[in-house]
Amino acid sequence: MRSRPVIGDGTRAAPGLPWPEGAVAAQQPEWKTHPDYVASRAALASAPALVTAAELARLRRALAVVAAGGARMVQLGDCAESFEETGADHVRAKTAVLHALADELGGDGPVLRVGRIGGQFAKPRSSPFEDVDGVPLPAFRGHMVNGEAPSAGAREHDPRRMVRAYEASAEVLRVLARDRDRRAGRRPGPFPDGPWASHDALVIDYEAPLVRTDAGQRILASTHLPWLGDRTRAPGSAHVRLLSQVANPVALKLGPSADPGELAEVCALLDPDRTPGRLTLIARMGAERVADLLPPLVAAVRARGHRAVWLSDPMHGNTVRAGGVKTRHLSAIVDEAVRCKRVLEVAGEHPGGLHLEVAASDVTECLGGKVDGVERLAERYTTLCDPRLNPDQAAELMRTWIRA
Ligand code: PEP
Ligand code: CO
């Protein structure tokens, strides 16, 4: 087995790593003095890979078809997965929603199905603290890092949670693999539509020890499709360096601060060979800004010869506060998704599909459809982090998007 890559202090890359000294990793947990830090990373380094090079080859083939305009794609699931919801019943409920929404989007055509699932346990936060009744507590950063309960104890960063995240992911990925096998058996064909796993490859202490060599390729063995969030996609970051070294396809979130020149740099690092479908670019600009901000990014990527999959995340740029909670209006979500589609069509790019936060149950976290007033938000508001669409709201979005 490949020796364990070691990150010096959790925020700066150590010498001797595949990524250069001095690469800064934003949004990392503070836990390197924890007594279980070293043992937790060692446990990950000696654990079995969660994905295989052969699976990644199939996913890359499907993404190339999407990039060429021959299929659509949906990537959806929880904002933050819960350790309490990784059993087979939970996972089957989530994949059922993924398939139903993919079918809604695709009609009779092929749709690549990717979950925010099987590892989506770490969250970037805009503030390291959260005010709870006037007391500042460390922010909840996902079950890989801490607990969501509003107490100082729960919010401590605990590296042993990385091992639990690995085990929970393994459980989820086994169910996804069975689902893929069943689907492939039922509908033999050249398009390997999934379901595949994806998550924000945020915590370097978790991801780096899970790099493996398989079939002569270096792979990130924690997931099929790692993505980098809007706060960790800078060209010099440890995150970009890590993903530039692995054979997995990779995705990037692009928020309003994304700059065409900087994006071109990142794309060159992550896709030096201009492989169609190697990159999935996910615009999350906000409904009011996407028409202005996206065209120069699309042009910059195309001018450098990359054939990317373009998705719209119409959720993260449209978060508001109402009724004392974070929420999103379905109308704004639909607006951004439709505007993004239009920008891509005008630019001559294939609108690949949608990246969404959707719950498997009938939650009341976003406004719209049957959630017809702020007072209804409290009925079933169960997200660990951002407000998710319920399946009915998401289906309405899909139907509007395909007709637009
Ligand atoms: C997310 O997808 O939950 C997220 C935090 O996204 P972004 O990095 O785009 O803000
Ligand atoms: Co989110």
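Here the structure is a predicted model, which means the values were calculated and not measured. (Residues numbered from 1 in each chain as written. Chains lettered and ligands numbered in written order. Predicted model: local features only at pLDDT ≥ 70, side-chain atom pairs only at ≥ 80, totals over all residues. Heavy atoms only, no water.)

Undergrad: Where do I start with the state of the cysteines in this structure?
TA: Structurally, a disulfide amounts to a covalent bond that connects the sulfur atoms of two cysteines. Summed over the entire model, instances satisfying the criterion amount to zero disulfides. Take Cys267: it sits in no disulfide, and the sulfur closest to it among the cysteines is that of Cys340, at 15 Å. The buried category is assigned to Cys267, whose relative accessible area is 0%. As a non-bridged cysteine, Cys385 has Cys79 as the owner of its nearest cysteine sulfur, 3.8 Å distant. (Disulfide = S-S within 2.5 Å. Buried < 20%, exposed > 50% of the residue type's maximum accessible area, 1.4 Å probe, protein only.)

Undergrad: What should I look at first to understand the coordination of the cobalt ion (ligand 2) in this one?
TA: Geometry sets the ideal angles at a metal, namely 109.5 degrees for four tetrahedral donors and 90 or 180 degrees for six octahedral donors. Around the cobalt ion (ligand 2), the donor atoms from the protein are Cys79 (SG), His316 (NE2), Glu357 (OE) and Asp386 (OD), and they sit 2.1 to 2.4 Å away. The sequence pattern describing where the donors of the cobalt ion (ligand 2) fall on their chain is C-x236-H-x40-E-x28-D. Linking His316 in the loop between β11 (309–312) and β12 (320–322) with Asp386 in the loop between β14 (351–357) and α10 (391–403), this pair joins segments that are 70 residues apart in sequence. As far as the burial class goes, His316 and Asp386 line up, both buried. (Donors = N, O, S within 2.8 Å, 3.2 Å for Na, K, Ca; no water. Helix = DSSP H or I, 4+ residues; strand = E, 2+ residues; numbered from the N terminus.)

Undergrad: What should I look at first to understand helix α2 (residues 53–67) in this one?
TA: For an α-helix the count is 3.6 residues per turn, leaving residues at separations of three or four pointing the same way. For α2, which comprises 15 residues, the first-to-last C-alpha distance of 21 Å matches the rise-based estimate of 21 Å (1.5 Å per residue) to within 8%. Among all positions in α2, only Ala53, Glu55, Leu56, Leu59, Ala62, Leu63, Val66 and Ala67 are buried. Just beyond α2, the residue with positive phi is Gly69, at close to 90°. (Expected span 1.5 Å × (residues − 1).)

Undergrad: When you look at the packing of helix α9 (residues 330–346) against α10 in this model, what are you seeing that I'm missing?
TA: Helix-helix packing: each pair is described by the crossing angle between the helix axes and the interaxial distance. One can describe the packing of α9 onto α10 by two numbers: an axis separation of 10 Å at closest approach and a directional angle of 30°. It follows from the interaxial angle that α9 and α10 lie roughly parallel. In terms of crossing hand, the pair formed by α9 and α10 is right-handed. Facing Leu330, Ile333, Val334, Ala337, Val338 and Lys341 of α9, the residues of α10 in contact are Gln393, Glu396, Leu397, Thr400, Trp401 and Ile402. Classifying every residue of the contact of α9 with α10 gives eight nonpolar, two polar and two charged. (Axes fitted to C-alpha atoms, helices over the stretch in contact; angles between N-to-C directions. Parallel < 35°, antiparallel > 145°, perpendicular 65-115°, else oblique. Left-handed = near helix turned anticlockwise from the far one by under 90°. Contact = heavy atoms within 4.5 Å. Nonpolar A, V, L, I, M, F, W, Y, C, P; charged D, E, K, R; others polar.)

Undergrad: Explain the nonpolar core here, please?
TA: Nonpolar side chains tend toward joint burial in soluble globular proteins. Ranked by internal contacts, the top residues of the largest apolar core, which has 35 residues, are Leu243, Leu252, Leu254, Leu270, Leu294 and Trp310. Within the residue set of this core, elements represented by two or more residues are α6 (238–244), β9 (250–254), α7 (260–270), β10 (279–283), α8 (290–303) and α9. Looking at this core element by element, the count peaks at five residues for α8. Once residues within four sequence positions are removed from consideration, Leu243 is found in contact with Leu220, Pro226, Leu228, Val250, Leu270 and Arg278. Grouped together as the second largest cluster of nonpolar side chains are 26 residues, Val91, Leu173, Val175 and Leu210 included. (Core = buried A, V, L, I, M, F, W, Y, C linked by side-chain atoms within 4.5 Å.)

Undergrad: I tried to follow the pattern of salt bridges on my own but got confused; where do I start?
TA: Two side chains with opposite charge may pair up if their charged atoms get near one another. This model, assessed by the stated rule, comprises 28 salt bridges. In this structure, Arg307 and Glu349 form a salt bridge, with 3.8 Å as the shortest nitrogen-oxygen distance. Of the two residues, Arg307 sits in the loop between α8 and β11 while Glu349 sits in the loop between α9 and β14, which places them 42 residues apart along the sequence. The exposure class assigned to Glu349 is buried, which follows from its relative accessible area of 6%. For Arg376, the salt bridge is made with Asp372, and the minimal N-O distance between the two is 3.5 Å. (Salt bridge = Lys/Arg side-chain N within 4 Å of Asp/Glu carboxyl O.)

Undergrad: Honestly, the pairing of strand β5 (residues 196–200) in this entry has me stumped. Any pointers?
TA: Across a regular strand the side chains alternate sides, sitting on one face of the sheet and then on the other. β5 sits mainly inside the fold: five of its five residues count as buried. Going residue by residue along β5, you find Trp196, Ser198 and Asp200 tucked away on one face and Ala197 and His199 tucked away on the opposite face as well. Across three bridges, the pairing between strand β2 (residues 111–116) and β5 is parallel. Along β5, the bridge assignment pairs Arg116 with Ser198. (Pairing = 2+ DSSP bridges.)

Undergrad: How do you make sense of the packing of aromatic side chains when you look at a structure like this?
TA: Two measures describe an aromatic ring pair: the distance that separates the ring centres and the angle between the ring planes. A complete count under the given rule lists one aromatic pair for this structure. A cation over a ring is seen here: Lys341 above Trp401, with NZ or CZ 4.8 Å from the ring centre. (Phe/Tyr/Trp six-rings, centres within 6.5 Å; stacked < 30°, edge-to-face > 60°. Lys NZ or Arg CZ within 6 Å of the ring centre and 35° of its normal.)

Undergrad: Whenever I open this one, the UniProt feature "binding site: Mn(2+)" (unreviewed entry) in the protein chain confuses me. Can you help?
TA: Here, UniProt's "binding site: Mn(2+)" (unreviewed entry) annotation points to Cys79, His316, Glu357 and Asp386. Separation in sequence by 308 residues is not matched in space for these annotated residues, since their most distant C-alpha atoms are only 10.0 Å apart. Here Glu357 shows up in strand β14. In this view, Glu357 contacts Gly77, Cys79, Arg116, Met315, His316, Arg328, Asp386, Pro387, Arg388 and Leu389; residues no more than four positions away in its chain are not counted. Reaching out from Glu357, the side chain makes a polar contact with the side chain of Arg116 at a distance of 3.0 Å. The exposure class assigned to Asp386 is buried, which follows from its relative accessible area of 10%. Apart from residues no more than four positions distant in its own chain, Asp386 is found in contact with Cys79, His316, Lys326, Arg328, Glu357 and Glu365. A polar contact of 3.0 Å, which involves the side chain of Asp386, links it to the side chain of His316. (UniProt positions renumbered as here; feature names shortened; annotations may be inferred. Polar contact = N/O pair within 3.5 Å; in protein donor to acceptor, adjacent residues only side chain to side chain.)

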